[in-house]
Amino acid sequence: MDKNEHAQKSIDPASLALIERAAQEGKELAWDRFKEQEPQCGFGLLGICCRNCNMGPCRIDPFGNGPDKGVCGADADTIVARNLLRTIAAGAAAHSDHGRDIVETLLHAATGEGADYSIKDEAKLMALAGELNVPTEGRSSNDIAADIAKKAIAEFGSEKGTFEFMARVPQPRKDIWASLNILPRGIDREVVEAMHRTHMGVDTDYVNLILQGLRTGLSDGWGGSMWATELSDVLFGTPKPHKGVSNLGVLKEDEVNIIVHGHEPTLSEMIVQAVREPEMIELARSKGAKGITVAGMCCTGNEILMRHDVPIAGNFLQQELAIVTGAVEAMVVDVQCIMPALTGLAECYHTKIISTSPKAKFPGAQHVPFSEEKALETAREIVRIAIENYPNRNKEKVFIPSEKMEFVAGFSVEAILSALGGSLNPLLDAIKAGTIKGIAAVVGCNNPKIQHDYGHITLAEELIKEDVLVVETGCAAIASAKAGLLLPEAAAKAGPGLRSICESLGIPPVLHMGSCVDISRILLVAAAAANALGVDISDLPLAGAAPEWMSEKAVSIGAYVVATGIFTVLGTVPPVLGSNNVAALLTQGANDVVGAAFAVEGDPKKAAALILEHMKGKRAKLGLP
Ligand code: SF4
Ligand code: MSK
């Protein structure tokens, strides 16, 4: 393969250098495996294969020359809608199970069983207690936190049949959900019901199936993910804007490098603490290293960079590239977005892949079980393994690209309000005046179907140029960090209106709001804006976009963002085109039902045009210039 072909894989120079390096060394990466999969299965791409019972597998002929029904009689509409609902259920389960782990950590911390954790944000704890009617008078923080954790745990089942955070949803939106019978009842319940309905011979009505998809998504966005965000803030601190450094150039040639990868902040918070202990630094020095660097990857990285001065090494498609540097002593993984390929690749280098969750084991990885009760002890054990591995590094194999970029991250809702002087009004006034045309959330993964980071960066740049404020989470935000869009100086790339606002507030035109579960923060900004203007969320000039999405979690996110009334553009095609009815419902019909719909557009410049057109329409309806 020539250099030009590699150049199509990423727009990030650090990644391109390592892709080239891997090719020279004969190492296989996700892009190579993607190529080997081509042409990908047409039935799978269209969503018209079914394995939901053992009379199958069945598939529908999309050209009308073969079967139009499965053995049981399920047609394309049913099969596509069932597959989509299962995808949403898997995504919602992943986010919400992450949320449950955070709730359990808070309960451990509050009841004294998790002595390594303590409540870092008392103010947020008290604010939540007030909102959730938890008594505070004369009570300790731990008792209050335990009550809040128990309230959260109750929402995973369906004891009450309603969510605490429904009180945060603007009334017109709640009325729509009630009229459609999609108010989420319990986080686990919606996932279980989704799996039940998609079992052979249960729900076959594609509209009814998609509505359950929206309800399952809502149980994630306004349930599991929101609990994850709120209680992570209580436990680890509510993020505030601060500087950091991004990209693979953050790895150090003369230090022990540890990468924390996955999604949950519980272990990584402890690793950050452990590497700063003098004994650990001393041990590293005794092995010939000058110190220890911890860098994040994917959303574990986002969680820690939001709260600490810890660098981020990269996003989803850079996880293998980090190993190709030959300079990583340990890649510590928890759950989600961890490529099974890592262990095989690591065998060619000295890198140890250390799995930590009982839910996510990887053949070939060293498993160090993590528990809240022994959190710091486990973190120290992992750091020691990494340090002991430093002498095994083959210095001749080390290749760390020089690219790194500073960024400012940490824009929680609280931080945004504080930057605005305590209320959303200055932002809303700017939107009303047309200084800012609207707000777009650009989120989601990388996918070898799209040039790495091209979708994220092109879309964000096109939008800020047109005075759209961009808020980001997940791998999209990491892409922007590497491209310099998270710096206040990036305001120079914005249109005159957005630039003036950014310059007066000293903020970047693209705001990093956290990890994938932190899209719940974006929902809260949308809800607060709607309430302040006395309208529904779907009336606002808002949009969502996932230019390079790949995970099932992204489908759940799409479901709850659209159900919340926000138009969403997807950059890769979801497997629904095998049913014209399902595709039409998602891209058009949903507008009449929830006031928002999906669009699919792989070209980020065209996606930006769609978003601007949408915002123009919403502004006109509100009578805004
Ligand atoms: Fe085939 Fe129906 Fe079974 Fe699916 S549920 S595998 S369509 S028989
Ligand atoms: S990590 S879900 S690849 S954003 Fe949240 Fe990135 Fe997507 Fe995983």
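This is a predicted model, so every value here is computed, not measured. (Residues numbered from 1 in each chain as written. Chains lettered and ligands numbered in written order. Predicted model: local features only at pLDDT ≥ 70, side-chain atom pairs only at ≥ 80, totals over all residues. Heavy atoms only, no water.)

Digging into the sheet that holds strand S15 (residues 568-570)
On the basis of which strands lie adjacent, the open sheet formed by six strands has the order S13-S12-S11-S14-S15-S16 and parallel pairing. The two strands at the open ends of the sheet, each matched to only one other strand, are strand S13 (510-512) and strand S16 (598-600). With strand direction ignored, the average angle separating the axes of adjacent strands in the sheet is 25°. Summarising the sheet, strand S12 (residues 468-472) and S13 pair through three bridges and their orientation is parallel. What sits directly across from Glu-472, in S13, is His-512. (Pairing = 2+ DSSP bridges. Helix = DSSP H or I, 4+ residues; strand = E, 2+ residues; numbered from the N terminus. Axes fitted to C-alpha atoms, helices over the stretch in contact; angles between N-to-C directions.)

A few points about the site of ligand 2
Taken together, His-263, Cys-298, Cys-299, Phe-316, Cys-337, Gly-444, Cys-445, Cys-475, Cys-516, Met-550, Ser-551 and Lys-553 make up the full set of residues near ligand 2. Taken together, the residues of the shell around ligand 2 break down into eight nonpolar, three polar and one charged. Both of domain 3 (248-397) and domain 4 (408-621) provide at least three residues apiece to the shell around ligand 2. (Near = heavy atom within 4 Å. Nonpolar A, V, L, I, M, F, W, Y, C, P; charged D, E, K, R; others polar. Domains from an automatic or database assignment.)

What to know about empty space enclosed by the protein
Inspection of every chain in the model, using the stated rule, returns six cavities of 30 Å³ or more. Here the largest cavity is characterised by a volume of approximately 220 Å³. Along its surface, the largest cavity is lined by 21 residues, and Ala-441, Ile-522, Ala-543, Gly-544 and Val-561 are the ones closest to its centre. For the lining of the largest cavity, the per-class residue count stands at 18 nonpolar, three polar and no charged. (1 Å grid on protein atoms, 1.4 Å probe; cavity = no way out; pocket = protein on both sides within 12 Å on 5 of 7 lines; lining within 4 Å. Points joined across faces, edges and corners; volume = space filled by probe spheres on them.)

Regarding the nonpolar core
One recurring pattern in soluble globular proteins is that nonpolar side chains are buried together. The biggest cluster of nonpolar side chains holds 173 residues, and the ones touching the most others in it are Ile-148, Trp-222, Leu-231 and Ile-271. Element by element, the count of residues in this core is highest for helix H5 (residues 76-110), at 14 residues. The contact partners of Trp-222, leaving out residues within four places of it in the chain, are Phe-163, Phe-165, Met-166, Arg-168, Val-169, Trp-177, Leu-523, Leu-524, Ala-527 and Thr-564. Residues Ala-22, Cys-298, Leu-317 and Ala-327 belong to the second largest nonpolar core, which totals 39 residues. (Core = buried A, V, L, I, M, F, W, Y, C linked by side-chain atoms within 4.5 Å. Buried < 20%, exposed > 50% of the residue type's maximum accessible area, 1.4 Å probe, protein only. Contact = heavy atoms within 4.5 Å.)

Quick notes on the pairing of strand S14 (residues 542-546)
Across the five residues that make up S14, a large majority, five, are buried. Burial along S14 is two-sided: the residues Leu-542, Gly-544 and Ala-546 and Ala-543 and Ala-545 are all buried. Here strand S11 (residues 438-442) pairs with S14 via four bridges, running parallel. Across the sheet, residue Ile-439 finds its bridge partner in S14, namely Leu-542. The β-α-β motif built from S14, the intervening helix H23 (residues 552-563) and the parallel element S15 has right-handed crossover chirality. (Right-handed = clockwise from strand over helix to strand, strands pointing away.)

Some remarks on the layout of surface pockets
A volume near 900 Å³ is recorded for the largest pocket. As for the largest pocket, its lining consists of 33 residues, and the residues nearest its centre are Gly-44, Lys-449, Trp-549, Met-550 and Pro-575. The set of elements that each furnish at least two residues to the lining of the largest pocket consists of helix H3 (30-37), helix H4 (42-46), strand S1 (49-50), H5 and H23. For the lining of the largest pocket, the element with the highest residue contribution is H5, accounting for five residues. Around the second largest pocket sit 22 residues that line it, and Arg-168, Glu-230, Val-413, Glu-414 and Leu-524 are the ones nearest its centre.

A look at the domain arrangement of the chain
In terms of domain boundaries, the chain breaks down into domain 1 (3-59), domain 2 (76-236), domain 3 (248-397) and domain 4 (408-621). Placing the centre of domain 1 and that of domain 2 at their C-alpha centroids yields a distance of 34 Å. Facing eight residues of domain 1, the contacting portion of domain 2 comprises eight residues. Here domain 1 meets domain 2 over a buried area of about 630 Å², counting both sides, of which 58% is carbon and sulfur. Our count for the domain 1 to domain 2 interface comes out at three residue pairs in polar contact (both at pLDDT 80 or more). (Buried area = accessible area lost by both parts, 1.4 Å probe. Polar contact = N/O pair within 3.5 Å; in protein donor to acceptor, adjacent residues only side chain to side chain.)

A look at the environment of Asn-247
Within the secondary structure, Asn-247 is located in the loop between strand S3 (242-246) and strand S4 (256-262). Note on Asn-247: relative accessible area 3%, which makes it buried. Residues Asn-247 and Asp-12 lie 235 residues apart in sequence; the distance between their C-alpha atoms is 9.1 Å. Residue contacts for Asn-247: discarding those within four places in its chain leaves Asp-12, Ala-14, Ile-312, Ala-313, Gln-318, Glu-403, Lys-404 and Lys-482. A distance of 3.0 Å separates polar atoms of two side chains, one belonging to Asn-247 and the other to Gln-318.

As for the environment of Ala-491
Relative to the helices and strands, Ala-491 is located in the loop between helix H20 (474-482) and helix H21 (496-505). Spatially, the C-alpha atom of Ala-491 lies 7.0 Å from that of Glu-503, the residues being twelve residues apart in sequence. Non-local contacts of Ala-491, meaning those with residues more than four positions away in its chain, are made with Arg-499, Cys-502, Glu-503 and Pro-509.

With respect to H23
End to end, H23 covers 17 Å across twelve residues, agreeing with the expected 16 Å (1.5 Å per residue, within 8%). For H23, the buried fraction is high: eleven of the twelve residues fall into the buried class. Inspection of H23 places Lys-553, Ala-554, Val-555, Ser-556, Ile-557, Gly-558, Ala-559, Tyr-560, Val-561, Val-562 and Ala-563 among the buried residues, and these make up the whole buried set. If you check the start of H23, you find a side-chain oxygen 3.2 Å away from the backbone N of Lys-553, and it comes from Ser-551. Positive phi shows up at Gly-565, right after H23, with a value of about 100°. (Expected span 1.5 Å × (residues − 1).)

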